[in-house]
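Each chain is listed here by its residues.
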Amino acid sequence: MSESSAEAVASATAAVASAAAASGGWRRTTGLAGAAIGVLAAGAAAGVAIERMTVGRGMRRRARLALDSTGPYGALRGTPGKAYADDGTELYYEVDDVEPEGGPAPRRRRLFGRKAPLPVTVVFSHGYCLNQDSWHFQRAALRGVVRTVHWDQRSHGRSGRGAAQVDGGVPLTIDQLGRDLKAVVDAAAPDGPIVLVGHSMGGMTVMALAAQYPELIRDRVVATALVGTSSGRLGEINFGLPVAGVNAVRRVLPGVLKALGQQAELVEKGRRATAELFAGIIKRYSFASRDVDPAVERFAERMIESTPIDVVAEFYPAFTDHDKTEALGLLKDMPVLVLAGVRDLVTPSEHSEAIAGLLPDAELVLVPDAGHLVMLEHPEVVTDRLADLLTRAGAVPAGATVGGYGSTSSTAQPG
């Protein structure tokens, strides 16, 4: 993006903050603010957004409706369950169990030799403004092969709003998310070895779990996968903006988010009214390659759009305080996969390289043409490396096969 575009973005963001502070000005500014807030550096997609607002709007609206009705992504469901956090928040999870021998898909249980898989449970934690369905391709590939647990973080997906935040005004912390994950593990996988998989905020949640429950890591965790995440120093991320734009966003964004979170109903109306602008922003910060299935793009939009603005505002400050570098040492004696998209603007791949630098035996995978939602953009790569991790951890035998990885290319069928 050009320097002039960055300056325009900064000016627009500052204008939103100023308007939000003025009483009675909400209805005039809600459309712009609601569209801009929900992705960290909204204005970086200004040029794309303007095009989307002015060219073929009606056609795209019809296409969005068609994709919503026919898109298969996020349709996988398992056995539902509920866990309860230490503050009483209801946490929703689903379990996909291993298929019995002779079941409907015995080829997925094909073994070479006599070695049987360990009774391992793989627990998937999703990222900020997403939900458990963000692991759609990996879930589809592993169904019936290994027991998996997919859960929604508090205030996301089907889980309840954070009780401590709503009732007591307690600031949300990554440590709280780590305790939430412990509650899910206790409820859904109380015994046996486990593999922890986390994307973005989900990876931070895994680190917070390790920091607070080192005995769980030592006694039960046999492998970990950290996808597009960071162990700290998130305040230094530039979101793909020049210096002028970054400084402006950092200066006003926290206050804007807080103010908008207090006017959630009006802002949500604005987000709906400016859905086309919002879609361009989401694409900019989710994907890097051009050849992404439009249904996958729309799927990502739906997940992010479904996150209320007050939840967006509530979670954002926690990332600045996040620092779990020391907790990484607890993972050094197990197989670890560290994977990131090279063109990730939200949690840059340099953060994954830093994590791998502290875990010299970890496998570091950098996907060249990938953004933040790498598990949706290049699912075959993520699933392949995850399957290898599970094999190395003994979660599945070396001779087991998994289902198709799927592809997000515009000419491929969903996996």
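Residues numbered from 1 in each chain as written. Predicted model: local features only at pLDDT ≥ 70, side-chain atom pairs only at ≥ 80, totals over all residues. Heavy atoms only, no water.

Chemist: Just to check I follow, could you spell out the overall build of the protein chain for this structure?
Modeler: Looking only at helices and strands, the protein chain features 17 helices and eight strands. Taken over 415 residues, the protein chain has a buried fraction of 58%. Sequence-distant contacts, at least 24 apart, represent 82% of the contacts inside the protein chain between residues at least 6 apart. For the protein chain, the accessible surface area stands at approximately 16,800 Å², while carbon and sulfur atoms represent 54% of it. (Helix = DSSP H or I, 4+ residues; strand = E, 2+ residues; numbered from the N terminus. Buried < 20%, exposed > 50% of the residue type's maximum accessible area, 1.4 Å probe, protein only. Contact = heavy atoms within 4.5 Å. Areas by Shrake-Rupley, 256 points an atom, 1.4 Å probe, with all protein chains shown as cover.)

Chemist: Where do I start with the pairing of strand 8 (residues 363-367) in this structure?
Modeler: On a regular strand, one side chain projects to one face of the sheet and the next to the other, so that they alternate. As paired elements, strand 7 (residues 336-341) and strand 8 share five bridges and run parallel to each other. Bridge assignment links Leu 339 to a residue of strand 8, and that residue is Val 365. (Pairing = 2+ DSSP bridges.)

Chemist: Explain the nonpolar core here, please?
Modeler: Nonpolar side chains tend toward joint burial in soluble globular proteins. The biggest cluster of nonpolar side chains holds 57 residues, and the ones touching the most others in it are Tyr 128, Val 197, Leu 339, Leu 376 and Leu 390. Formed by 34 residues, the second largest nonpolar core is a distinct cluster that contains Leu 181, Ala 210, Ala 327 and Leu 331. (Core = buried A, V, L, I, M, F, W, Y, C linked by side-chain atoms within 4.5 Å.)

Chemist: Even after reading the chapter, I still don't get the sheet that holds strand 8, so can you show me in this structure?
Modeler: The strands making up a sheet associate through hydrogen bonds between their backbones, and the pairing can be parallel or antiparallel. If you trace the eight strands from one edge of the open sheet to the other, you get 1-2-4-3-5-6-7-8, paired in mixed fashion. Of all the strands in the sheet, just strand 1 (79-84) and strand 8 have a single pairing partner and so form its edges. Mean inter-strand twist for the sheet, computed between neighbouring axes without regard to direction, equals 20 degrees. With four bridges connecting them, strand 2 (residues 90-96) and strand 4 (residues 147-151) associate as antiparallel partners. Along strand 4, the bridge assignment pairs Glu 94 with His 150. (Axes fitted to C-alpha atoms, helices over the stretch in contact; angles between N-to-C directions.)

Chemist: I'm lost on helix 13 (residues 294-305) in this one. Help?
Modeler: The α-helix advances 3.6 residues per turn, and as a result positions three or four apart in sequence lie on the same side. The end-to-end C-alpha distance of helix 13 is 16 Å, a good match for the 16 Å that 12 residues give at a rise of 1.5 Å each. The complete set of buried residues in helix 13 reads Ala 295, Val 296, Glu 297, Arg 298, Phe 299, Ala 300, Glu 301, Met 303 and Ile 304. Where helix 13 begins, the capping side chain belongs to Asp 293, and its oxygen is found 2.9 Å from the backbone nitrogen of Ala 295. (Expected span 1.5 Å × (residues − 1). Polar contact = N/O pair within 3.5 Å; in protein donor to acceptor, adjacent residues only side chain to side chain.)

Chemist: What's the story with the side chain of Asp 180 in this structure? I'm lost.
Modeler: Along the chain, the position of Asp 180 falls in helix 7 (residues 174-188). Judged by relative accessible area, which is 0%, Asp 180 ranks as buried. Ignoring sequence-local partners within four residues, the contact set of Asp 180 consists of Ala 85, Leu 91, Trp 151 and Arg 154.

Chemist: Got a minute to help me understand the pattern of salt bridges in this structure?
Modeler: It is possible for side chains of opposite charge to pair when their charged atoms get near one another. Enumeration over the complete set of coordinates arrives at 24 salt bridges. The partner of Lys 283 in a salt bridge is Glu 297, and the shortest N-O contact between them spans 3.5 Å. Here Glu 297 lies in helix 13 and Lys 283 lies in helix 12 (residues 275-286), a separation of 14 residues in the sequence. For Lys 283, a relative accessible area of 34% gives the class partly exposed. A salt bridge links Glu 301 to Arg 298; the nearest nitrogen and oxygen atoms lie 3.0 Å apart. One end of the pair is Glu 301 and the other is Arg 298, both in helix 13 and three residues apart, which spans about a single turn. Take Glu 301: its relative accessible area is 7%, and that puts it in the buried class. When salt bridges that share partners are traced, they join Arg 77, Glu 94, Asp 96, Asp 133, Arg 139 and Arg 143 into one network. (Salt bridge = Lys/Arg side-chain N within 4 Å of Asp/Glu carboxyl O.)

Chemist: How should I be thinking about the packing of aromatic side chains in this particular structure?
Modeler: Think of a pair of aromatic rings as described by two things: how far the centres are apart, and how the planes are tilted against each other in angle. Inspection of the entire model under this criterion finds four aromatic pairs. Joined through ring pairs, the aromatic side chains of Tyr 73, Phe 137 and Phe 299 make up one cluster. Stacked on the ring of Tyr 213, the Lys or Arg Lys 182 has its end atom at 5.1 Å from the ring centre. (Phe/Tyr/Trp six-rings, centres within 6.5 Å; stacked < 30°, edge-to-face > 60°. Lys NZ or Arg CZ within 6 Å of the ring centre and 35° of its normal.)

Chemist: Mind showing me how you'd approach unusual backbone geometry here?
Modeler: Trans is the common state for peptide bonds, and a negative phi is the common state for residues other than glycine. We note that Ser 155 has phi near 70 degrees; this positive angle belongs to a residue other than glycine. In this structure, Ser 155 sits in the loop between strand 4 and helix 6 (163-168). A residue is classified by how much of its surface remains accessible, and Ser 155, at 7% relative accessible area, is buried. Of note in this structure, Arg 233 is not a glycine but carries a positive phi near 60 degrees. With respect to the helices, strands and loops of the structure, Arg 233 is situated in the loop between strand 6 (221-227) and helix 10 (243-261).

Chemist: Would you explain the packing of helix 7 against helix 8 (residues 201-212) in this entry?
Modeler: Think of two packed helices as two axes; the pair is described by the angle between the axes and how far apart they sit. For the pair helix 7 and helix 8, interaxial distance at closest approach is 7 Å and the crossing angle is 80 degrees. When the interaxial angle is binned, helix 7 and helix 8 end up roughly perpendicular. In this structure, helix 7 contributes Ile 174, Asp 175, Leu 177, Gly 178, Arg 179, Leu 181 and Lys 182 to the contact, and helix 8 contributes Met 201, Met 204, Thr 205, Val 206, Ala 208, Leu 209 and Gln 212. Residue composition of the contact of helix 7 with helix 8, by class: eight nonpolar, three polar and three charged. (Parallel < 35°, antiparallel > 145°, perpendicular 65-115°, else oblique. Nonpolar A, V, L, I, M, F, W, Y, C, P; charged D, E, K, R; others polar.)

Chemist: What's the story with a nonpolar patch on the surface in this structure? I'm lost.
Modeler: Side chains of Val 342, Leu 364 and Leu 366 sit close together on the surface and give an oily, nonpolar patch of about 200 Å² of accessible area. By the secondary structure assignment, Val 342 is in the loop between strand 7 and helix 15 (349-358). When its relative accessible area of 40% is taken as the criterion, Val 342 is described as partly exposed. (Patch = residues over 30% accessible without salt bridge, like charges linked within 9 Å, V, L, I, M, F, W, Y side chains within 5 Å.)

Chemist: Explain the environment of Ala 318 here, please?
Modeler: Its location among the elements puts Ala 318 in helix 14 (residues 309-321). Taking the C-alpha atoms as reference points, Ala 318 and Leu 172, separated by 146 residues in sequence, lie 6.2 Å from one another. Those residues within four positions of Ala 318 in sequence are excluded, and the remaining contacts are Leu 172, Thr 173 and Ile 174.

Chemist: Could you clarify how one ought to interpret the environment of Gly 202 in this entry?
Modeler: Tracing the sequence through the fold places Gly 202 in helix 8. For Gly 202, a relative accessible area of 0% puts it in the buried group. For the pair Gly 202 and Phe 124, spaced 78 residues apart in sequence, the C-alpha to C-alpha distance is 7.9 Å. The residues touching Gly 202, leaving out its near neighbours within four places in the chain, are Ser 125, His 126, Gly 127 and Gln 153.

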